[in-house]
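# Topology and contacts: notes
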Amino acid sequence: MKHLNKLLFAVMMVLAVSSHAQNDNNPWALSFGVNAVDTRASAGGGKNWLDQHFSQAFNVSENWNILPSVSYLSIARSVGNNFSVGIQGSINKIDKFVVFDPSNAGHNSTGYVVTNPGDLMYYGVDANIRFSFMSFIKSKVIDPSLRLGGGYTWLGDNSYGTVNPGAGLTFWFTENVGLSLETTYKKSFGDRSASTNTYTPDAPSHFQHSAGITFQFGGKDTDGDGIYDKDDACPEVAGLKQFNGCPDTDGDGIIDGSDACPTEFGLAALNGCPDKDGDGIADKDDACPDTAGLAAFQGCPDTDGDGIADKDDKCPTVAGPKSNGGCPDLDADKDGVLDKDDDCPTIAGPASNRGCPEVTPETIKQLNAYGKTILFDSGKSSFKTQSYPVLQSIADILKEYPNSNFMIEGHTDSDGSNQLNQTLSENRAAAVKNYLIEKGISTERLKSTGFGETKPLGTNKTAKGKANNRRVEVSLIKN
């Protein structure tokens, strides 16, 4: 073959840039299926060039050589602008060789004879450049194409190069899987000579048709959101197609990268942040997010309009000076001590005691009179039933002096050991203290202690004296 060296060089050049990839998203394509070889195109005969090469092109049963198995495999890669390049290998067996011999008794009506040259094995390695028209027809399913390439064919003991123009049509079932139908005319440089080797295959030009499945792959989608990295504005984070692959976690229509509150549904006017109270101040900047307010007070209201936000205003519905915590200068108990300075604004008391009543000796006397009548179960710190009204009376008196602190003292008679009486006196004083706390007296205002039998009021030799010694006393703790 005098053109063989030139052809091999051309094929190698084509291989460097060749084949038929599918698209930029999935740059690689793998195809496999069956191929058919038809030698009719180089048999000669025919009325003219078109008739010689293309008549009876789809006479499958008489002219096509087909192996009943997977007989071709191709790999391809996109190079952009609708072009792709790739390489294909194929195998077949030639048991139908078409010649033009009207003198042969077995010829058909047009003078062609189909012979078996000896079940010749056919191998082909081909490369081509493919151009897809899919984007031009604006289809996502139908993909017509044209291609041009070259290849090398082994036929029995012969081998030769070819130039391969062709066309194809792919139907994409999904973005990645399609049915590919292709036909290629393989023009030989050393075609058979009708005058010398009509019945002997040498280097015949031929058609090769193929049908197979194509798989596209290789598209990179780092975040797995179905949007390829090259089209994904946020390739590392899964997102939505309408936002070019960027996420909108809270679904407010603002992508997370531009959303000041990406995890909370918000308003575009507030950069994606919510405003629950509708005061125009984003909740993240609103000191009172559940109540409509003013920007001057970080979103908090000033109901009485005194220039003090309600949350800082002791009298939010009545205007008052800031010096009085937003309350008017009042003296509710008319004791001459303004409410703002009065620890007991509803109970009259002297200024010397910050507006609270002072505990008088008479009050202490009354408390101790009650204390002497508190009865406990014998040897215990639990109260007898008749003691509860007395305890309530003590609680009522203490409530009249809210800023005064008191000591609850427990005393016993001398029956029993000193240690036992000491513990009993402490427990009884603590029991009175706990009862008063339950009735609303602040824990901070009360202390308790026990003196056991160390401070008797009378003799422990008589029943009356012992009864007087078993008592609870209340004293004022002076600040």
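Preceding block: the structure.
Now for a description of the structure that goes with this document. (Residues numbered from 1 in each chain as written. Predicted model: local features only at pLDDT ≥ 70, side-chain atom pairs only at ≥ 80, totals over all residues. Heavy atoms only, no water.)

### Description of the sheet that holds strand β12 (residues 405-411)
Just so we agree on the cut-off: Pairing between two strands requires that DSSP report at least two bridges joining them. A run of H or I in DSSP counts as a helix once it spans at least four residues, and a run of E counts as a strand once it spans at least two, with each numbered from the N terminus. Angles run from 0 to 180 degrees between N-to-C directions of axes, and those axes are lines fitted to C-alpha atoms, restricted for helices to the stretch in contact.
Spatial ordering of the open sheet is given by β13-β12-β14, a layout of three strands whose pairing is mixed. Every other strand in the sheet has two partners, leaving β13 (446-450) and β14 (471-477) as the edge strands with one partner each. Ignoring strand direction, the axes of neighbouring strands in this sheet form an average angle of 25°. The pairing of β12 with β13 spans five bridges and is classified as parallel. Looking at the pairing, Met407 lines up with Lys447 of β13.

### Overview of helix α5 (residues 388-399)
What counts, and what does not: To estimate the expected span of a helix, subtract one from its residue number and multiply by 1.5 Å. For each residue, the accessible area found with a 1.4 Å probe, counting protein chains only, is set against the maximum for its type, and the residue is called buried under 20%, exposed over 50%, and partly exposed in between. Summarising the geometry, the arc corresponds to the directions from the helix axis toward the C-beta atoms. Contact criterion: two residues are considered in contact whenever any of their non-hydrogen atoms come within 4.5 Å of each other.
Between the first and last C-alpha of α5 there are 17 Å, a value that for twelve residues agrees with the 16 Å anticipated at 1.5 Å per step. Listing the buried residues of α5 in full gives Val390, Leu391, Ile394, Ala395, Ile397 and Leu398. Along the long axis of α5, the arc covered by the buried residues comes to 160°, so they all point the same way. Against the buried residues of α5 lie α4 (361-372), β12, α6 (418-438) and β13.

### Some thoughts on the state of the cysteines
Applicable threshold: Disulfide assignment relies on a single distance test, namely cysteine sulfur atoms paired within 2.5 Å.
Across all of its chains, the model carries five disulfides by this definition. For Cys234, the disulfide goes to Cys246, at an S-S distance of 1.9 Å. Taking the torsion about the sulfur-sulfur bond, which here is approximately 80°, the covalent link between Cys234 and Cys246 counts as right-handed. Taken together, the residues Cys234 in the loop between β11 (206-217) and α4 and Cys246 in the loop between β11 and α4 connect sequence positions twelve residues apart. Indicated for the protein chain is the disulfide connectivity 1-2, 3-4, 5-6, 7-8, 9-10, based on numbering the bonded cysteines in sequence order.

### Considerations on the packing of aromatic side chains
Counted only if it meets this: Put simply, two rings from Phe, Tyr or Trp (the six-membered ring, in Trp's case) pair if the centres are within 6.5 Å, and we call them stacked under 30 degrees between planes, edge-to-face over 60, tilted for the rest.
For the structure on display, the rule yields twelve aromatic pairs. Taking 5.8 Å as the distance between ring centres and 45° as the angle between the ring planes, the aromatic pair formed by Phe131 and Phe136 counts as tilted. An aromatic cluster is present here, built from Phe83, Phe131, Phe133 and Phe136 joined pairwise through their rings.

### A closer look at the packing of α4 against α5
Applicable threshold: Here is the rule for angles: anything less than 35 degrees is roughly parallel, anything more than 145 is roughly antiparallel, 65 through 115 is roughly perpendicular, and the remaining ranges are oblique. Helix crossings get a hand from a simple test, with the near helix turned counterclockwise from the far one by less than a right angle marking a left-handed crossing and a clockwise turn marking a right-handed one. Charged means Asp, Glu, Lys or Arg here, nonpolar means Ala, Val, Leu, Ile, Met, Phe, Trp, Tyr, Cys or Pro, and polar covers whatever is left, Gly included.
Their axes nearest at 9 Å, the elements α4 and α5 cross at an angle of 160°. The orientation of α4 with respect to α5, classified from their angle, is roughly antiparallel. In the crossing of α4 with α5, the sense of the turn from one axis to the other is left-handed. In this structure, α4 uses Thr363, Gln366, Leu367, Tyr370 and Gly371 to contact α5, whose residues at the interface are Val390, Ser393, Ile394, Ile397 and Leu398. Looking at the contact of α4 with α5, its residues break down into six nonpolar, four polar and no charged.

### A short note on α4
For α4, built from twelve residues, the straight-helix expectation of 16 Å at 1.5 Å per residue is met to within 8% by its first-to-last C-alpha distance of 17 Å. Residues of α4 that are buried include every one of Thr363, Ile364, Leu367, Asn368 and Gly371, and no others. Within α4, the buried residues cover an arc of 130° as seen down the axis, which keeps them to one side. Those residues of α4 that are exposed and aimed more than 90 degrees away from the buried face are Glu362 and Lys365. Buried residues in α4 make contact with α5, β12 and β14.

### Considerations on the pairing of strand β4 (residues 83-94)
Where strand β3 (residues 72-80) lies against β4, eight bridges are found, and the strand directions are antiparallel. When the bridges of β4 are listed, Leu73 appears paired with Gly89. From the end of β3 to the start of β4, which pair antiparallel, there are two residues, and Asn81 there has a positive phi angle of about 55°. Relative to strand β7 (residues 120-132), β4 runs antiparallel, the two being bridged by twelve bridges. Following the sheet pairing, Asn92 is matched in β7 by Tyr122.

### Digging into a nonpolar patch on the surface
For the record, the criterion: Patches were defined on residues exceeding 30% relative accessible area and lacking a salt bridge, with like-charge contacts within 9 Å and nonpolar side-chain contacts (Val, Leu, Ile, Met, Phe, Trp, Tyr) within 5 Å. Each accessible area is a Shrake-Rupley result for a 1.4 Å probe, and residues are judged covered by the shown protein chains and nothing else. By salt bridge we mean one thing: a side-chain nitrogen of Lys or Arg within 4 Å of a carboxyl oxygen of Asp or Glu.
There is a patch of nonpolar side chains on the surface, built from Trp28, Leu30, Phe32, Val70, Leu73, Phe215 and Phe217 and spanning about 590 Å² of accessible area. At the level of secondary structure, the elements contributing two or more residues to the nonpolar patch comprise β1 (28-38) and β11. Per element, the largest residue contribution to the nonpolar patch is three residues, and it comes from β1. Secondary-structure assignment places Phe32 in strand β1. With relative accessibility at 32%, the residue Phe32 sits in the partly exposed group.

### Considering unusual backbone geometry
Of note, Lys138 is a non-glycine position whose phi angle comes to about 55°, a positive value. Position of Lys138 relative to the elements: it lies in the loop between β7 and β8 (142-155). You can call Lys138 exposed: its relative accessible area is 75%. In this structure, Asn271 takes a positive phi of about 55° despite not being glycine. Of note, Asn271 is situated in the loop between β11 and α4.

### As for the pattern of salt bridges
Enumeration over the complete set of coordinates arrives at eleven salt bridges. Asp285 is the salt-bridge partner of Lys284, the closest N and O atoms lying 3.3 Å from each other. The partner of Arg470 in a salt bridge is Asp413, and the shortest N-O contact between them spans 2.6 Å. Taken together, the residues span a long stretch of sequence, with Arg470 in the loop between α7 (463-469) and β14 and Asp413 in the loop between β12 and α6 at a distance of 57 residues. Of the residues examined, Arg470 reaches a relative accessible area of 37% and is grouped as partly exposed.

Purely geometric numbers; function is a separate question.
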